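Given next are the chains, with one letter for each unit.
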Amino acid sequence: MAGIMPVMSLPANLDQLSADELRQLVIRQAGLLAESDRELNWRQGKIDKLTHELAMHKRWRFGVKTEQWPLEQRQLFEETIDADLGAMEEELAQLSPAPAKAKGQAKRQPLPANLPRTDIHHEPETTVCPCGCTMKRIGEDVAEKLDYTPGTFSVERHVRGKWVCGQCETLIQAPVPAHVIDKGIPTSGLLSQVLIAKYLDHLPLYRQEAMFGRAGLAIPQSTLTQWVGKCGVALQPLVDALKDEMLGHRVLHADETPVAMLDPGAGKTHRAYLWSYSIGAFEPTKAVIYDFAESRAGKHAREFLGDWRGTLVCDDYSGYKALIADGVTEAGCMAHARRKFFDLHANNQSQIAQQALAYIQKLYQVEREAAELSSDERRRIRQEQARPILDELHDWLTRHRLLVPNGSSTAKAIDYSLKRWTALAHYVDDGQVPIDNNWIENRIRPIATGRKNWLFAGSLRAGKRAAAIMSLIQSAKLNGHDPFLYLKDILARLPTQPNSRIGELLPHCWLPNTSL
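Definitions and limits used
Residues numbered from 1 in each chain as written. Predicted model: local features only at pLDDT ≥ 70, side-chain atom pairs only at ≥ 80, totals over all residues. Heavy atoms only, no water. Helix = DSSP H or I, 4+ residues; strand = E, 2+ residues; numbered from the N terminus. Buried < 20%, exposed > 50% of the residue type's maximum accessible area, 1.4 Å probe, protein only. Areas by Shrake-Rupley, 256 points an atom, 1.4 Å probe, with all protein chains shown as cover. Salt bridge = Lys/Arg side-chain N within 4 Å of Asp/Glu carboxyl O. Polar contact = N/O pair within 3.5 Å; in protein donor to acceptor, adjacent residues only side chain to side chain. Contact = heavy atoms within 4.5 Å. pLDDT = per-residue confidence, 0-100. Disulfide = S-S within 2.5 Å. Phe/Tyr/Trp six-rings, centres within 6.5 Å; stacked < 30°, edge-to-face > 60°. Axes fitted to C-alpha atoms, helices over the stretch in contact; angles between N-to-C directions. Parallel < 35°, antiparallel > 145°, perpendicular 65-115°, else oblique. Nonpolar A, V, L, I, M, F, W, Y, C, P; charged D, E, K, R; others polar. Left-handed = near helix turned anticlockwise from the far one by under 90°. Expected span 1.5 Å × (residues − 1).

Describing the overall build of the chain
Move 1: Within the chain, the regular secondary structure consists of 15 helices and nine strands.
Move 2: Put simply, the chain has 516 residues, and 47% of those count as buried.
Move 3: Put simply, the chain shows about 26,200 Å² of open surface, and 52% of that area lies on carbon and sulfur atoms.

Notes on the pattern of salt bridges
Move 1: Enumeration over the complete set of coordinates arrives at 24 salt bridges.
Move 2: One salt bridge in this structure joins Arg401 and Asp415, with 2.7 Å as the shortest N-O distance. Here the residue Arg401 occupies a position in helix H10 (residues 375-401), and Asp415 occupies one in helix H11 (residues 409-419), the gap between them amounting to 14 residues.
Move 3: The class for Arg401 is buried, based on a relative accessible area of 16%.
Move 4: Among the charged side chains, a network of salt bridges with common partners joins Asp316, Lys321, Glu330, Lys419 and Arg420.

Here's the deal with the side chain of His253
Move 1: Structurally, His253 is set in strand S5 (residues 251-263).
Move 2: Engagement of the side chain of His253 in a polar contact is seen with the backbone nitrogen of Ala281, the distance being 3.2 Å.

Notes on helix H15 (residues 483-493)
Move 1: The buried fraction of H15 amounts to eight of the eleven residues, a majority that puts the element mostly inside the structure.
Move 2: Pro483, Phe484, Tyr486, Leu487, Asp489, Ile490, Leu491 and Arg493 are the residues of H15 that are buried.
Move 3: Residues of H15 that are buried in the fold lie against strand S2 (136-149), helix H3 (188-199), helix H5 (221-246) and helix H14 (460-478).

Overview of the environment of Arg493
Move 1: Assignment of secondary structure puts Arg493 in helix H15.
Move 2: Arg493 sits in the buried class, given a relative accessible area of 15%.
Move 3: Between the alpha carbons of Arg493 and His179 there is a distance of 8.5 Å; along the sequence they are 314 residues apart.
Move 4: Discounting residues that sit within four places of it in the chain, Arg493 has contacts with Leu505, Trp510, Leu511, Pro512 and Asn513.
Move 5: Separated by 2.7 Å, the side chains of Arg493 and Asp489 make a polar contact.

Let's talk about the confidence of the model for the chain
Move 1: Mean pLDDT over the chain: 85, with 80% of residues reaching 70 or higher.
Move 2: For residues 1-7, every residue scores under 50 in pLDDT, and the model assigns this stretch 15 contacts once sequence neighbours within four places are set aside.

Examining the environment of Val128
Move 1: Within the fold, Val128 resides in the loop between strand S1 (117-122) and S2.
Move 2: You can call Val128 partly exposed: its relative accessible area is 45%.
Move 3: Through-space distance from the C-alpha of Val128 to that of Trp163 is 9.6 Å; in sequence the pair is 35 residues apart.
Move 4: With residues up to four places along the chain from it excluded, the contact list for Val128 reads Cys133 and Met135.

Remarks on the state of the cysteines
Move 1: What the rule picks out here adds up to zero disulfides.
Move 2: Not part of a disulfide, Cys133 finds its nearest cysteine sulfur in Cys131, a span of 3.6 Å.
Move 3: Not engaged in a disulfide, the cysteine Cys314 finds its nearest cysteine sulfur in Cys333; these two sulfurs lie 9.3 Å apart.
Move 4: You can call Cys314 buried: its relative accessible area is 0%.

What to know about the packing of aromatic side chains
Move 1: Considering all chains together, one arrives at nine aromatic pairs under this definition.
Move 2: Between Tyr148 and Phe212, the ring centres sit 5.0 Å apart and the planes meet at 80°, which makes this aromatic pair edge-to-face. Of this pair, Tyr148 sits in strand S2 while Phe212 sits in helix H4 (residues 205-214), and the two are 64 residues apart along the sequence.
Move 3: When its relative accessible area of 4% is taken as the criterion, Tyr148 is described as buried.

Topic: the side chain of Ser276
Move 1: In this structure, Ser276 sits in strand S6 (residues 268-279).
Move 2: Beyond its immediate chain neighbours, meaning those up to four positions away, Ser276 contacts His253, Ala254, Asp255, Ile289, Tyr290, Ile440 and Ile444.

Digging into unusual backbone geometry
Move 1: Phi at Glu169 takes a positive value of approximately 65°, unusual for a residue other than glycine.
Move 2: Note that Glu169 resides in the loop between strand S3 (152-164) and strand S4 (171-173).
Move 3: Since its relative accessible area comes to 65%, Glu169 is described here as exposed.

Comments concerning the packing of H3 against H5
Move 1: Following both chains from N to C, one finds H3 and H5 inclined at 95°, their axes separated by 10 Å at the closest point. On the basis of their axis angle, the class for H3 and H5 is roughly perpendicular. Mapping the contact onto sequence places Leu190, Leu191, Val194, Leu195, Lys198 and Tyr199 in H3 and Leu224, Trp227, Val228, Cys231 and Leu235 in H5.
Move 2: When its residues are assigned to classes, the contact of H3 with H5 shows ten nonpolar, no polar and one charged.

Some points on the packing of helix H8 (residues 334-348) against helix H9 (residues 351-370)
Move 1: Following both chains from N to C, one finds H8 and H9 inclined at 150°, their axes separated by 9 Å at the closest point. Judged on the interaxial angle alone, H9 and H8 are roughly antiparallel. In this structure, the crossing between H8 and H9 has a hand that is left-handed. Where H8 abuts H9, its residues Met334, Ala335, Arg338, Phe341, Phe342, Leu344 and His345 lie against Ala353, Gln354, Ala356, Leu357, Ile360, Leu363 and Tyr364.

Side note on H14
Move 1: The terminal C-alpha atoms of H14 lie 26 Å apart, and with 19 residues this matches the ideal 27 Å at 1.5 Å per residue to within 8%.
Move 2: Extensive coverage of H14 is indicated by the burial of 15 of its 19 residues.
Move 3: Downstream of H14 by one or two residues, Gly480 has phi in the positive range, about 80°.

Next up, the structure:
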């Protein structure tokens, strides 16, 4: 982390500067001081906010009476709050100009001697002293890291040799390798396993503790929660970069699904939402981002998309209407329109619904034929084949709407399509826009599986952390990567990856580091 911005050093020939040069020097110095003040004010504001949030979470953790809660709910709550505490402590540590000294930190227990060990040696690039003498190895420092492959623990022994010059007594040693969790015991492989199990396989940490115990080493749930919180902080810049990449594309999908979120003070849950966004289904870049929010209010979509003004494929939810009014182009979902008629036919054997489904089936047949074509060719095929079907369907719906009573199920199904006709038919004029929103709905489907095991998100911060990590996992899957190997690799690289090259670690750009 960058420290406090230094004030510009004064030139050695200060007494020889002209009056004009002195004025320019003072102006530059004042600008640097102002920039430093802004940096300090921002940093202090962030520290104050985190300190307040940390105190509030500690009150929740130790003040909320959870004895009456079901055991599983209590364990999930404690897991969530402990992970939040670990994340906030990590953020505060990054904001501090100097690392705080640990007070009364317990000595770490050695890793079990029976675990298999692999030595990884770190030696200086050269053992020739600046004075010209050849240095001698006089010892070594060893740091052990706990690694995990499914079902098996092992230990990495990082051996750093000490070399000394017999002539001038200069001592050198290879630097300590950088890790996501500084001075911690987990390797990136173990951290990846914990994250994949929690956010892909939906295993709460208390279950992982039992699983690790069966593998030979029970890692306390409290330790696992600290790791999850710190990994969430470390991975967030990558998710931010993925969002920037996404907003550079002109066609996006959006959808949202409810998730229960706990109110610790009340001991109850209320409905929060996980918003999902992805790059258009026909784009070569594959990415999905989940954004956890306290409600379904349209402001959350506006805040996520910001100044983006492309084509948004979405359903008829009113929360998107402000975006449409502000310049975003709306593309509807034909699958939603079809669902209205499908339900009508399934429930009532409606002949009108059956005919509407036949029209829509013809539209999807055109899409199957055009799926692998270029954007321009897809648009041409749609204009030649789908446009006449759409025109006929619109005329047919308009005529039959006059024949059914207001308020009937048939009228509601027809009204849905007619009211959204411009959005539903938009795809015909743009070869990059898909006919429906199924692409993002399939991306949000794993959340439904997770809800059965989560029960709830323990806090807003926990929900946002889960959304960020799931964004990377699901995006890795979209690009054909093994999510475990992907997270293992980027967690190993992140501590030394320059911000200017963070894009290399995005799922659609990632290439495995074969040296690991």
